[in-house]
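This is what each chain is made of:
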Amino acid sequence: MTARFYGSIPALVTPFRDGSVDFATFEAFVDWQIAEGSTGLVPCGTTGESATMTIDEHNAVIAACIKAAAGRVPVIAGCGSNDTACAVSHVRHAEKAGADAALVVSPYYNKPNQEGLYRHFKAVAEATSLPIILYNIPGRSIVDIAPATMKRLSEIPNIAGVKDATGVLQRISEQRLSCGTDFIQLSGNDDMTLGVMVSGGHGCISVTANVAPRLCADFQTACREKRWDDALALQDRLYPLHAGLFSDASPGPAKYALSKLGKLHEELRLPMVPAGEAARRIVDAAMAHAGIA
C-alpha cells in the first residue's frame, strides 16, 4: 500500500465562479497537476474549502476529481467531519465513486478525548474498505492524536497512514517505530517536508504543489532517490513560497498565485476572502524566487 501513496500530493484548491463550483476549470486543473508530476490528488481537503461546501457539492467535486484523474494517479478523497455519522457518509460515497483512499481529519470543535478519537476513526474505517489516511492537525482541530492512540489505530487493517501536521518532527520517528515502516507518513507542512522525508516519511499532502507542482514533484523524487543535496537546493528555492502561501488565510494566497498563472479565478467563499495586498507582495516575490512568476 505504501507504494501507492507517496510523493507530491496536492491538497487541491476548488475553483469557484459566481458562487458555484467551476467544474470545467477544476478538471483542467487536475490534468495540469498530473502532467506536472503530482503522484496523487486530494479533493475536498481544507485547502479545497470543503467546510463551505454543501454535501452535494462535496460529493460532486470528489466524483469530478476521480473522473478527471481517470486512474492515472490515486485520489485520496477528503472525508473528514466532526460528526462521525457524516464522516461515515463521506467515506461511503467516496468508495462508491471510485476513490482510492480517504483522508479523515480529527474531529474539530468537539474536543473528544483519546478514546473518543479512537472510536471515531474506528467507526469510519469499519464503514468502508478504502484505506484511511488519518489527518492529525491540532492547530485546526484543537485535539492531537497521541502517539499511543496512533499506534492503536494503525492496528486497524485499513488505517494505512497519517497526514502529520502537528509541526513536531520527532513524531515521524516515533510513529515509524510504533506503527511500523509500512505505515504511510505524509507531511502536512510543506516547510517541514525535507525533515519528514529524511526521517522516513513517504511524501507530502501539499498546498505549495497547487502552485508549483513540477518543483514539488522534483523535490519528492530527489528525496526518494536520496539525492539530499538536490532536495536541499529545491527546498531553498521553494521555501519562500511555502511561507508565502500562508502569509494570509489559506487558500487565499494560493488562489491568488494560481490566478497569476492563469489557472483559475481567484474567487473564495465566505468567511474566506482574497489575500490582502501585503500577502500578494510576498507571494509575488516568492514566485519570482522559485522561478514560476
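Residues numbered from 1 in each chain as written. Predicted model: local features only at pLDDT ≥ 70, side-chain atom pairs only at ≥ 80, totals over all residues. Heavy atoms only, no water.

Colleague: Help me out: how do you make sense of the UniProt feature "site: Part of a proton relay during catalysis" (unreviewed entry) in the protein in this one?
Modeller: Here the UniProt feature "site: Part of a proton relay during catalysis" (unreviewed entry) sits at Thr-46 and Tyr-109. Checked against the lining of the largest pocket, the annotated residues reduce to Thr-46. Assignment of secondary structure puts Thr-46 in the loop between helix H1 (23-35) and helix H2 (55-69). Setting aside chain neighbours within four positions, we find Thr-46 in contact with Tyr-135 and Arg-140. Structurally, Tyr-109 can be placed in the loop between strand E5 (101-105) and helix H4 (114-126). For Tyr-109, a relative accessible area of 70% puts it in the exposed group. If we skip the residues at most four places from it in the chain, Tyr-109 touches Asn-82 and Ser-141. (UniProt positions renumbered as here; feature names shortened; annotations may be inferred. 1 Å grid on protein atoms, 1.4 Å probe; cavity = no way out; pocket = protein on both sides within 12 Å on 5 of 7 lines; lining within 4 Å. Helix = DSSP H or I, 4+ residues; strand = E, 2+ residues; numbered from the N terminus. Contact = heavy atoms within 4.5 Å. Buried < 20%, exposed > 50% of the residue type's maximum accessible area, 1.4 Å probe, protein only.)

Colleague: Just to check I follow, could you spell out the UniProt feature "binding site: pyruvate" (unreviewed entry) in the protein for this structure?
Modeller: According to UniProt, the "binding site: pyruvate" (unreviewed entry) feature falls on Thr-47 and Ile-205. A maximum C-alpha distance of 10.5 Å among these annotated residues, which run over 159 residues, shows that they cluster at one spot. The annotated residues named above include Thr-47 and Ile-205 as those lining the second largest pocket. Within the secondary structure, Thr-47 is located in the loop between H1 and H2.

Colleague: Would you mind going over the pattern of salt bridges with me for this structure?
Modeller: Between side chains of opposite charge, a pair can form when the charged atoms approach closely. Evaluated as defined, the whole model comprises 15 salt bridges. One salt bridge in this structure joins Glu-49 and Lys-255, with 2.7 Å as the shortest N-O distance. Residue Glu-49 is found in the loop between H1 and H2, and its partner Lys-255 is found in helix H11 (residues 252-260); the two are separated by 206 residues along the sequence. Using a relative accessible area of 4% as the deciding quantity, one classes Glu-49 as buried. We classify Lys-255 as buried; its relative accessible area is 0%. The residue Arg-214 makes a salt bridge to Asp-218 at a minimum N-O spacing of 3.9 Å. In this pair, Arg-214 and Asp-218 both sit in helix H9 (residues 213-224), 4 residues apart, roughly one turn of the helix. Among the residues examined, Asp-218 registers a relative accessible area of 31% and is labelled partly exposed. Members of the salt-bridge network, linked through shared partners, are Glu-115, Arg-119 and Arg-152. (Salt bridge = Lys/Arg side-chain N within 4 Å of Asp/Glu carboxyl O.)

Colleague: Quick question: what am I supposed to make of the nonpolar core here?
Modeller: The nonpolar side chains of a soluble globular protein tend to be buried, and buried together. Formed by 74 residues in total, the largest nonpolar core has its most connected members in Ile-132, Leu-134, Ile-159 and Leu-241. Per-element accounting of this core gives the leading share, 7 residues, to H2. Setting aside anything within four residues of it in sequence, one finds Leu-134 in contact with Leu-103, Val-104, Phe-121, Ile-145, Met-150, Leu-153, Ile-159, Gly-161, Val-162 and Lys-163. Grouped together as the second largest cluster of nonpolar side chains are 16 residues, Phe-5, Ala-165, Ile-184 and Ile-205 included. (Core = buried A, V, L, I, M, F, W, Y, C linked by side-chain atoms within 4.5 Å.)

Colleague: Explanation requested: the environment of Pro-147 in the structure shown.
Modeller: Turning to its location among the elements, Pro-147 is positioned in helix H6 (residues 147-154). In this structure Pro-147 touches Arg-171 and Glu-174, once residues within four positions along its chain are discounted.

Colleague: Just checking my understanding: could you explain empty space enclosed by the protein for this structure?
Modeller: Where empty space is left becomes clear once a probe the size of a water molecule has been rolled over the atoms. Scanning the entire structure with this criterion turns up 2 cavities of 30 Å³ or more. Empty space within the largest cavity amounts to approximately 80 Å³. Lining the largest cavity, in full, are Ser-8, Asp-190, Thr-193, Cys-204, Ser-206, Cys-216, Phe-219, Gln-220, Leu-234, Gln-235, Leu-238 and His-242. At 4 residues, the largest contribution of residues to the lining of the largest cavity is made by helix H10 (residues 228-244). Split into classes, the residues belonging to the lining of the largest cavity amount to 5 nonpolar, 6 polar and 1 charged. For the second largest cavity, the calculated volume is near 60 Å³. (Points joined across faces, edges and corners; volume = space filled by probe spheres on them. Nonpolar A, V, L, I, M, F, W, Y, C, P; charged D, E, K, R; others polar.)

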